[in-house]
2 protein chains.
Amino acid sequence: MYRTHDCGELRLGDVSREVTLAGWVQSIRKFGSISFIDLRDRYGITQLLIGEALNEYLTETPLGREFVIQATGIVSERSNKNLQIPTGEIEIKVSRFTILNKSATPPFTIQDDTDGGDDLRMKYRYLDLRRNEVKKNLELRYAVNRAARDYLHQQKFMDIETPFLIKSTPEGARDFVVPSRMNPGQFYALPQSPQTFKQLLMVSGYDRYYQVVKCFRDEDLRADRQPEFTQIDCEMSFIEQDDILRMFEGLIKFIFKQVKGIDYTESVERMSWEDAMWNYGNDKPDIRFDMKITNIKSPLKRNGALEAEGQIIGHANFNVFDQAETILAISIPAAAAWTRKQFDAWTDWVKRPQIGMQGLVYIRYNEDGTIKSSVDKFYNEERLAAIAGFCEAKKGDAILILAGREEKTRKAISELRLEMGEQMGLRNKDEFKLLWVLDFPLFEYSEEDNRWVARHHPFTAPKPDQIAVMINNDPAIRRAEQYLEHPYAGIKANAYDMVLNGNEIGGGSIRIYQRELQEKMFDALGMTREEANHKFGFLLGAFEYGAPPHGGIAFGFDRLCAILGGSESIRDFIAFPKNNSGRDVMLDAPSTIDDKQLNELSIEIKA
Amino acid sequence: MYRTHDCGELRLGDVSREVTLAGWVQSIRKFGSISFIDLRDRYGITQLLIGEALNEYLTETPLGREFVIQATGIVSERSNKNLQIPTGEIEIKVSRFTILNKSATPPFTIQDDTDGGDDLRMKYRYLDLRRNEVKKNLELRYAVNRAARDYLHQQKFMDIETPFLIKSTPEGARDFVVPSRMNPGQFYALPQSPQTFKQLLMVSGYDRYYQVVKCFRDEDLRADRQPEFTQIDCEMSFIEQDDILRMFEGLIKFIFKQVKGIDYTESVERMSWEDAMWNYGNDKPDIRFDMKITNIKSPLKRNGALEAEGQIIGHANFNVFDQAETILAISIPAAAAWTRKQFDAWTDWVKRPQIGMQGLVYIRYNEDGTIKSSVDKFYNEERLAAIAGFCEAKKGDAILILAGREEKTRKAISELRLEMGEQMGLRNKDEFKLLWVLDFPLFEYSEEDNRWVARHHPFTAPKPDQIAVMINNDPAIRRAEQYLEHPYAGIKANAYDMVLNGNEIGGGSIRIYQRELQEKMFDALGMTREEANHKFGFLLGAFEYGAPPHGGIAFGFDRLCAILGGSESIRDFIAFPKNNSGRDVMLDAPSTIDDKQLNELSIEIKA
């Protein structure tokens, strides 16, 4: 050992002990014939006092920042205490020290407020990892990992490793593939998730499985996606949806307690996918704040209920509203008092290309009961009052209204709501609100192929009472424009997402476990029986030998850590992340390989 | 939940409770108007009693083995108790049951003594995984995983994930590579180990790192190798070799205690590589039994000590011995009494092609003190006595002698020793003997390239007092035939292997942490500076910014589990292993991929 103690543990109680520390020079301050060194390691910072005798030596062989040194001396009480740090009441009166390794001047400062830009810090990631902020992130990541494992272990889950070199069965995202040298012309694929393996483990009777496991998706990288990412992957047998929900909200609550010291005792809200879309405009609502959305002219039927269609805003000769596919409104508390400038600013905000709306209509429901709007020309006060009432606006609120194409408008108002919450300080990153979103549609319609695609994945089971609907109907869509009339359009899945502060942190489903239903699903997705057998024959086979009812969930581990750490970026919580082009700029990977390697693999690069 | 209890937990104390169980039908026995079903799940087997009323239903809808059923009934005391199993005193008087899923007749019996051959069980791995023996292996694997994590956590190690899509830097084994779609013509590589990343983490100050991590090597598979395998990978800073040895023998002892209930309190023996080679003929001796090897004519110089060279066996006109490069002897306790037939059998054994020796000489040192041998023509009793004395044989022993080329003979006698130990019952699989092998040579000589290769890997440090030898000498080998005279030939590494019962379960080293020394190492391996920078520039760069002294170790997790489970085969301890051609026969992977995928990746298959 190069040290007797670490740089974070010495206290007043250690005064007079001789100790040896080792670490990095955080800073040096010379005062005439003595010097102070802040020595840093993983555990903290301890002040070294270099007295007159050694100080001369220091002049001859000067130390720089980030030098690695070992120092021996007596722990002493400091005259000038620093109560900001745990070791701040003591210092080491150094009797001897050794330079273990020198350091060139780092390309950026190793401090909380670093002067290094993103690219520089990615290239020298090993230096960026020294910064306290990054270290705290990785420590949090480890704590979450540990807590998850502890909980799952207590609940009798078993960590079982599944293979990384598997078979390519692209369905959804693209696979990364690995040429096989021993089987020329053939490829392994890297798993997008251990989905089929964990299901096989259920068929094998393992009952409760988990893994903290790397997964791979060769997607065009949007901001904050990584080609390799980590999942907490779980599966259970002999359970129903409610068992899963309770088990895994338990997991997240346990993590809150262990990692953040938060007692999350309230029950986790559950919301149907329809309600989420209807009230918040998306399937992962941030419920830390209210401000629900109201649809005041909907092409969607909501439980066949909205009688208001057209009546609220129709017959006013306001073309924008008359021609819009959908019109969505949101009441903003205390916004009636906004200036014209403020409304204009929000109008500009929704007109930015990222949002892409044509404009914004607003209604002021003033404290004095009067109502004014930007469309007074078309709507009199009575009609405005009706709209305000329908939107459940209160005196003092303003109502913002967006109109246009269904999907775009929904997205826009959802973004508007979030930004509004942000600006109003309603999205406190130290407040955590969990939510289950349930009852997703089983299928989505693919216009391109005029067929159904699985919303979650092809192994998700329909609601039990809709299995018959699925089995007894031909999935083929005869008339594309009427796909919504097809019985499959209404089938809901036994699927669930866990949402934390507006982010999907996990998702899963009860699985199909009957061969007939699984085959029907593959039919629905347009797979021939041959193709289904080629890709998933092992799973269909397994279902013939006693598959139990089962289901599971996977949590996005990187994102969960980021949110718990109060950050939006998963990259900050990955030790060696890739950039947005999927490159590791530190390693300079990917890179070319030798012809010898290519030859051995029986492949060549296409010109 | 489909059950109130599992199939392993009900006892006499539960009698009269109504319970619901779910699981697989292990067996059905009909006795007239009643039936007994053994119901199996992950936790055990419970007997169900189907009374007269339900039995009729059972005749109409017959159950088969491996059907999945759910049964409700009252826990009752059995009249005919089975004390072999924990639930054997009770049974469930079933009041209703449901078939949750049917099962076809499995292709082999799901029992400890299965009738399924290897290939069949690999194809239906999900059924093989149901067998108790395989389940016990995976449970043991999980227990080892858990124990390792617990120990390392207590010792302040942090699990930090390192990337899987890295850069190809073949040096040693072949990399698996992954074509990058977004960077046409470029490839990622899958890591052979996280070696350079864990070193970077030390440079970053993380101090104590671990990971239970998949690694990949594209080697021609020998028996019991897998293209993907798992390591317990660890690294520490500010330590010396002795710190590592103590830390990690602690890890293995902790695993013994947690997983096997064994208090391994004795200290772990340490042996130099030279002693291992000299006394046991290999670098991973099984020290559960003694029977050391004696070199009675050595071309090797052992600490310049053996004066006996030639004297013991020379001047006897026995051509075989005179012409042999080396002659190795082993004393077998109580073997003087063997019959001629027994000696002949061992002679045949060493002549098998796997061993490939020409023959075997034996000397009987009889209980009465007389000495006879198969070479009495050449050696009189006095000379034989001298040999016996040199081999430290005792009365009643026999000495077996092999002669031939150095390496082959050493391997042969080492195999002979192990087989002898096996047959004499000295290799008890419930006895565990740990051993550190130390002081490996830093370099090996590559005849093919007339250069040095790293015995461990290029990041291993020489013994501190030999750094100067390395730095101050030109690594180039001028005269191939005299490579043993080169100063590099004698350099010992700060490297160590942990050996358990004759198997290497882990290996590591103190690392180089100075750029100059690392560059010298790359020089020695015949890398140009340019090549070194291209492949390992990030590491050389990192060494310029304050790299601490560090070192680590990696344990072969699959093998460790196999040995703890008393098996020779790692495949039995992997949930979804590949066969000896690297195929997953269950998935049928690797396999061909679409032209679309190939196009996207800008590669084509070579005809």
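Because the structure is a prediction, the values reported are computed rather than measured.

A. Just unusual backbone geometry, in detail. With an omega of 0°, the peptide bond between Ala-589 of chain A and Pro-590 of chain A qualifies as cis. Within the fold, Pro-590 of chain A resides in the loop between helix 15 (557-564) and helix 16 (595-600). Notably, Phe-238 of chain A is not glycine yet its phi reads approximately 60°, a positive angle. The backbone of Asn-450 of chain B shows a phi angle near 45°, a positive value even though the residue is not glycine. Secondary-structure assignment places Asn-450 of chain B in the loop between strand 18 (443-446) and strand 19 (451-454).

B. Region of the structure containing the confidence of the model for chain A. Residues at a pLDDT of 70 or more form 98% of chain A, whose mean pLDDT is 93. Interface predicted TM-score (ipTM) for the complex: 0.94; the corresponding pTM is 0.95.

C. Fine view of the relation of the copies chain A and chain B. Structural alignment of chain A on chain B gives an RMSD of 0.1 Å, achieved by rotating through 180° and translating 0.0 Å along the axis. Expressed as a symmetry operation, the mapping of one chain copy onto the other fits a two-fold axis. When the interface residues of chain A are mapped onto chain B, 100% of them again fall at the interface, so both copies present the same face.

D. Looking closely at the pattern of salt bridges. Residues and elements named next belong to chain A. Evaluated as defined, the whole model comprises 104 salt bridges over all chains. The residue Glu-219 makes a salt bridge to Arg-225 at a minimum N-O spacing of 3.1 Å. Note on Arg-225: relative accessible area 32%, which makes it partly exposed. Through salt bridges with shared partners, a single ionic network connects Asp-118, Arg-121, Arg-125, Asp-128, Arg-131, Glu-133 and Arg-571.

E. Just the packing of helix 13 (residues 515-524) of chain B against helix 14 (residues 529-542) of chain B, in detail. Residues and elements named next belong to chain B. Where helix 13 meets helix 14, the axes come as close as 11 Å, and the angle between the chain directions of the two elements is 150°. Taken as a pair, helix 13 and helix 14 cross one another with a handedness that is right-handed. Residues Arg-515, Gln-518, Glu-519, Phe-522 and Asp-523 of helix 13 form the contact with helix 14, whose own contacting residues are Arg-529, Ala-532, Asn-533, Phe-536, Leu-540 and Gly-541. Residues belonging to the contact of helix 13 with helix 14 are distributed by class as follows: 4 nonpolar, 3 polar and 4 charged.

Conventions used here
Residues numbered from 1 in each chain as written. Chains lettered and ligands numbered in written order. Predicted model: local features only at pLDDT ≥ 70, side-chain atom pairs only at ≥ 80, totals over all residues. Heavy atoms only, no water. Helix = DSSP H or I, 4+ residues; strand = E, 2+ residues; numbered from the N terminus. pLDDT = per-residue confidence, 0-100. Least-squares fit on C-alpha atoms with pLDDT ≥ 70 in both. Contact = heavy atoms within 4.5 Å. Salt bridge = Lys/Arg side-chain N within 4 Å of Asp/Glu carboxyl O. Buried < 20%, exposed > 50% of the residue type's maximum accessible area, 1.4 Å probe, protein only. Axes fitted to C-alpha atoms, helices over the stretch in contact; angles between N-to-C directions. Left-handed = near helix turned anticlockwise from the far one by under 90°. Nonpolar A, V, L, I, M, F, W, Y, C, P; charged D, E, K, R; others polar.

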